Structures are given as C-alpha cells and as structure tokens.
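# Topology and contacts: notes
Each chain, written out:
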Amino acid sequence: MSLEWVPLETFRRYLKETLHINSVASTFCLMKKAVFLLQTTYPNPQDWLAIKPEERLSFRGGDRSELWYIIFWIWDSGYCEGEDQEAISRRTDIIKYISTRGRVDLADFPVKLGLLTNAEAEFIRNKDVSKKGLLNKLAIHMVSVMKPLDQFTEKDILLADLMRPNDKRYNAKVLRDILYELGHSDMPGKRRHRTYLDECCEHTRWGRISEDYRQHLKRSDALDYYMRKAGAALFRFYAWLDKREEPDASLLEYEDYLDLFDYFSLNAEGDKFSSKYIGNSLSFIKAFLEWGNGHHSFFPKQLDWPKDLYSGIHREAQGETYAGDGLAFDDPEFPALMKGAIESYQPDDDLEALCRAFWLVIASSPVRKTYLLNLQVDDCVLPLPNAPAAVGLYSPYSGIEKAKHRNGQFPILDSSGIRALNFLRKRANEHAFRPMWNERAEATYVHLFQLKEFPWLLNEKQIYMFFDKIAESIGHKDKKGKAHGYRHYLITHIAIETGNSALARLAAGHENDTMLNRYLRSNLSRKALLFATMKKYQDGDIAGRFIWRIFEALADDQMEPDELIKALGSEEITLDEFFAKFGLPAPTGVGKCLIQGACIFEAKCFSCHHYAIRKSEAAQAFRTLARLTKEMWNMMQGSRDFTTQNSKAAGLMTQIALLGDMIRHFGYSEDQIQMEIIKQI
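Residues numbered from 1 in each chain as written. Predicted model: local features only at pLDDT ≥ 70, side-chain atom pairs only at ≥ 80, totals over all residues. Heavy atoms only, no water.

Once that is clear, we can look at the side chain of Lys-173. Mapped onto the elements, Lys-173 comes out in helix H11 (residues 172-181). A relative accessible area of 17% places Lys-173 in the buried class. (Helix = DSSP H or I, 4+ residues; strand = E, 2+ residues; numbered from the N terminus. Buried < 20%, exposed > 50% of the residue type's maximum accessible area, 1.4 Å probe, protein only.)

This paragraph deals with the pattern of salt bridges. The final tally for this structure, using the stated rule, is 31 salt bridges. Among the ionic pairs, Lys-369 bridges to Glu-460, the shortest N-O distance being 3.1 Å. Of this pair, Lys-369 sits in helix H20 (residues 369-373) while Glu-460 sits in helix H22 (residues 460-473); the two residues are 91 residues apart in sequence, bridging distant segments of the chain. The exposure class assigned to Glu-460 is partly exposed, which follows from its relative accessible area of 40%. The network of salt bridges with shared partners includes Glu-83, Arg-91, Lys-147 and Asp-156. (Salt bridge = Lys/Arg side-chain N within 4 Å of Asp/Glu carboxyl O.)

In this section: helix H15 (residues 254-265). An α-helical turn contains 3.6 residues, so any two residues separated by three or four positions project in the same direction. Between its terminal C-alpha atoms H15 stretches 17 Å, which fits the 16 Å expected from twelve residues at 1.5 Å a residue. For H15, every residue scored as buried is listed here: Asp-256, Tyr-257, Leu-260, Phe-261, Phe-264 and Ser-265. (Expected span 1.5 Å × (residues − 1).)

Next up on the list: the environment of Asp-212. Note that Asp-212 resides in helix H13 (residues 207-219). Between the C-alpha atoms of Asp-212 and Gly-292, which are 80 residues apart in sequence, the distance is 9.8 Å.

The next point concerns unusual backbone geometry. Following Phe-454, the chain continues to Pro-455 via a peptide bond in cis, the omega torsion being 15 degrees. Note on placement: Pro-455 falls in the loop between strand E7 (443-445) and H22. Despite not being glycine, His-20 has its phi angle at roughly 55 degrees, a positive value. Its location among the elements puts His-20 in the loop between helix H1 (8-17) and helix H2 (24-41).

Now for a nonpolar patch on the surface. A surface patch of nonpolar side chains, amounting to about 340 Å² of accessible area, comprises Leu-223, Tyr-225 and Tyr-226. Here Tyr-226 is to be found in helix H14 (residues 224-243). For Tyr-226, a relative accessible area of 30% corresponds to the partly exposed category. (Patch = residues over 30% accessible without salt bridge, like charges linked within 9 Å, V, L, I, M, F, W, Y side chains within 5 Å. Areas by Shrake-Rupley, 256 points an atom, 1.4 Å probe, with all protein chains shown as cover.)

Moving on, we get to the confidence of the model for the protein. Looking at the protein, pLDDT values average 81 and 79% of them are 70 or higher. Segment residues 519-532 is flagged for pLDDT under 50; beyond a separation of four residues in sequence, or across chains, it makes 39 contacts in the model. In this model, residues 557-561 is a region of pLDDT below 50 whose contacts with residues beyond four sequence positions or in other chains number seven contacts. (pLDDT = per-residue confidence, 0-100. Contact = heavy atoms within 4.5 Å.)

Attention now goes to the sheet that holds strand E10 (residues 592-593). Spatial strand order, E8-E11-E10-E9: four strands in an open sheet with antiparallel pairing. What marks the edges here is a single partner per strand, and that holds for strand E8 (542-543) and strand E9 (584-585). In this sheet, strand E11 (residues 611-614) lies alongside E8 in antiparallel orientation, the contact comprising two bridges. The residue bridging Ile-542 from the neighbouring strand is Arg-614, located in E11. (Pairing = 2+ DSSP bridges.)

In structure tokens form, the structure reads like this:
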C-alpha cells in the first residue's frame, strides 16, 4: 500500500469513468485548486494524517472541496484495507474526518464504487420514510470503511456510533437492522436501555471502579437481571457516600455500615422497605465490597461488616419470601376468568394475535415466560421424554431456560395451548421469516414469536399491555397479571388435583423440592412413599419408564401401590437389594426388567413400563448406546435409498433417543456422551 498522493490525472479519470460526472472539465477545474492547496499544505498523506481528524483544514476551489479527492485516494490506495488493529484505526480516522465536514452528499458513491447494488440502495431509500438522508449517512460510513455491506465486521458496524454520537436516525442498531433485512446478517439491531449500572460507570469519581466491577460481573457470566439489580444498589450506595461527603469507601467502619443499613431500610418518604428488598440490596453491596476489599484504594483494607445484624436481615428476607405469594395471582378465580376472555377475544392486528397466542400457551403450560418468548418454530412441540402420549414444549437450546433444561420439559395441559402453538407455527411459515440469532441459545433460528420489524421479537411490554387491555375489558382494571402467575396457578393445581407434588415438580422443571415448596403455598398432603421413591429418581440413581409406573400408581387415589413399588420407596432396602429381589436381566444387556418373566423383545425395553436402569450401570449403557449407534451408521451407509420411515431405522432411532435420555438423567453432558460413544466404537 502506497501512502503517496495519487496524481491528479488519475483523479480526473476517476471522475469520468467511475463517478460518471457529466461536466468533468469544469468540476475537475474547481477540485484541482482544492487538491493543489491540500498537497501544498501537506506534501504527503502522512503529514495530513498526523493532524486530528476534526482539526484538519478544509480546502476549497469555488463550491468544491478536497473531500472527493480524499475518498478517491482512500479507494485507489487501499488505505482502509485489512482487518488488523491498524486498519481499524485507519477506518476510524477517516469516518471521523468525513463526519466533521458538515453537510456532504455522498449517497451515490457506494453504488458507483461497487460497494452497494442498485437494489440495496433502492431498499434503503424506501426504508427512509422520514427522508432524513439515511442512505447518505450509510454512504459516509461505507466510503470510510471501503467495503460492501456483506463484508462489514462487528467493529465496522460499531463505527456507526462515531459518526453522530447519540444520533437516533443512524447508529449501530439501525445499521444492524439494515444488514439483517438485506440478508447480510442473522443479528438484527437491539436497543439497549440505560441502567443504573451505566450511571455508576459514568460517575465523575467512581466511574472507573464501577466499570471494572461491571467487567468482573460479565466475566462471571452474571445474568442481566443480577447486573441491573446490582447497579441499582450500587447507585444508591454512591448516593449515600456523597451524602456523607466520603471520598470513597476506604475509611468505612462498623458504625458506618450500621448507618448504611438504616439508609437502605427507608425510602425517600421515610417508609420502611420490605425485608426482601433490604436484604437483597445489602447483599449486592456486600458482594461489591468483598470483590474489591484489599485490592483497590477505593475499598477498606479490612471489611468490618455487621455480620450478626446482616444475618438477621437475611433471615427476615427469607421468611418474607417463603411466606409470601411471590408472583402468584391474588384471586384464585381470576386466572380462569382471564383465560376465557383472552380465548374469546378477536385480535385487531398481528401484534395482538401474537399476544393472544402467548397468553393462551402460558395459561396451558407451566412454562417460564423467557423460555416461551425465545422458543424456536421447528419442533417446538414434541412428545414428552418417556411419555409419548403427552406433548410438551421442546427446545434443544438449554441457554433459553433459567434452569438450563432441554427437551420437552413443560407439558401442555390444555387444547387451547396446542391451537395457539399451531397458529404460531403456521404464521411463521406463511411469513417465511428469516432465521435470527439468539444470544441466550447461541444459535440462529426462526423464533416462534418473531416480528416483521423492530423489535423483531415480541417483548414483555407488549404482552403486558395486551393483558391489561383484556383485564380492563372484563371489569378488572386493577388486576395486574404476570406470566409467572399462571405458572404458580398451574403447578399448584397439578399438585392439588393429582395429590402428587413430584409430578408438579417435574411439570415445573424444578431441580429440587425446595423451589417447588415455595410455589405450593397450601398445606398439601405429602405422601412419604412418594418422596422416598422420588428421591432416588431425583438423585439420578435410577431411570427408565418404570418410574412412570410409580407416578401413575401414586397419582391415583384408587390404586394401591404394590409390593414392588413399596419396596423401592422404602429406606430399609438398598437399590442393589431391590434389584436383586425383583429384577431380572433385561434383553438389552443393560438394566433390569421388573416383572417375573422377562420378555425377549429388546427393541421395546427402553420404552417399557417395567424397565429400569441404575447409575452404576452407566458403563454398560454406553456400550449398548455405541452398539446401537454403529448399527444405525451401518444401515445408513449400506442402503442406497435410506429413509427414516423404514420400521427398523425408526426403531433404532427411538432406542438411541430413549437410552440417551436415561444416560443424561444420570448427569452426563452431551459432550461426555459423544466422547464415550466414540471411545466405544
């Protein structure tokens, strides 16, 4: 790459052959004077580049400036080519320079330079309904980067925010939308709302320490929810320090923290906050102080935290949490009333139709709101693992669910939910939505609640505005609904109507009974046999469809659990003794058949109600899974017209899927399972 000024004669050919200027002679004559002044003042480009972009002189010849020549020089010399840090710095320099030149019209340049197609330019013009020069702003960006849009990197995109800081008409978010709509990216724009943590990071004295802490939280994979709450507590902590005129937190002692506790206990009107709010806020401050304690001059060398008082507040907060109803509805009749009103409502537009479908699914399945809003279209509803007669919401992406569950974890309990899901899938197919990147899932797919334009996905504000509208229409304007309220409602009813809290726990996707008990506020009957049996299942000691035989027996008040089930629930007998007494070797070579007289149908074992497998048999299970996988591979390779509709292939696939689910229940990850299969093969 040469960093010399390009000869004027070459520039003249560029005006004629590339920009197709009609009156080349007169235009060049004016520009020639401006370029002469530029080259006289700065004999070589290095001299010009040494000046800050915003301080570079502007040279004029009549109504023409040196700008077109600079753009030509960038294009001809390849000044902005490359992906290293130096190239990025060059592009940053040029975009700052052009952005300080005042009003410039470069809208036609990207097409003439071959950086933008005519179709792309027309699309962007049509998108600019307010006629605010969107294409021109994009053109300034493109000639500064000197790349077609489909070659823009993330760092190139972020340069949009340098052109006009805080410009709502053109920024990185707007550019991402353009790239997504043109098919050059799977990641549309996302508007980021300011938080209290942002305010803390811009604090005149403590901004740097706040930014360091934010980066620490990011590296620790802290949830967005945690960072927002931590920021709010930190913002209030800084207000307390300012009020006391403290230079930092380095001199704080025991008595100071007592004052801090009082400060966090009362609102601006002097009313006491809830114990839960006080405890949570102080826990965020404690975590912040412990992070920097002894490592930064802002913090005290030794944290003299009032541990006894803090423990008391923490106990009160826990008690308040366990005693309260959380996000549950306050009126037991209201959930069903709202569901009926939502189901009979006729939507005014596509957005309302989406919101209606969302609430019908929420009212039909104990699913978490975030899981549902991030669900994919393909295979979003499948038979539940080990229970093909029932269907559940399915996602292969563990990241979209709070408890990291996969597969059909949330059963669909009502036909209206199924109808809503069918509507959503049909809608997605009719609109032919483009796949979109999902940060939680770390994958690209068409979303169940995808929109045609920004914000691209249905969001909380939209669904709750719809809920409030329906509530008001039936005379309940005062009722504020939360999606989680239906989760409480459904889980509680599962437990009450079946008498089986274990089934409620499984439907909720809870990992243990502690969280479930926070949902079940009423004093529901607990069966000792159920919990003893379920503990073996929860601990990952036993798997297989035999466990569903136990569920069915214990959920039916008319059914008396037989001797075999009682023995499994007993604390008097070990699993080894249980299998020795009741189990016979299964035809699979792994696991046990829990009936007197095992059958010979290996292919049906993993879906049989009498089949069970222990964690201690995982090694045998891996060998069997490897054998089945190898048989499947050989079948695929040895067939000229292989199809999954073949009964033998379908049977093998079912066995592999069921056995894989059992192994995953024992705590093995997908990677561990794959490595074991490879090792066995």
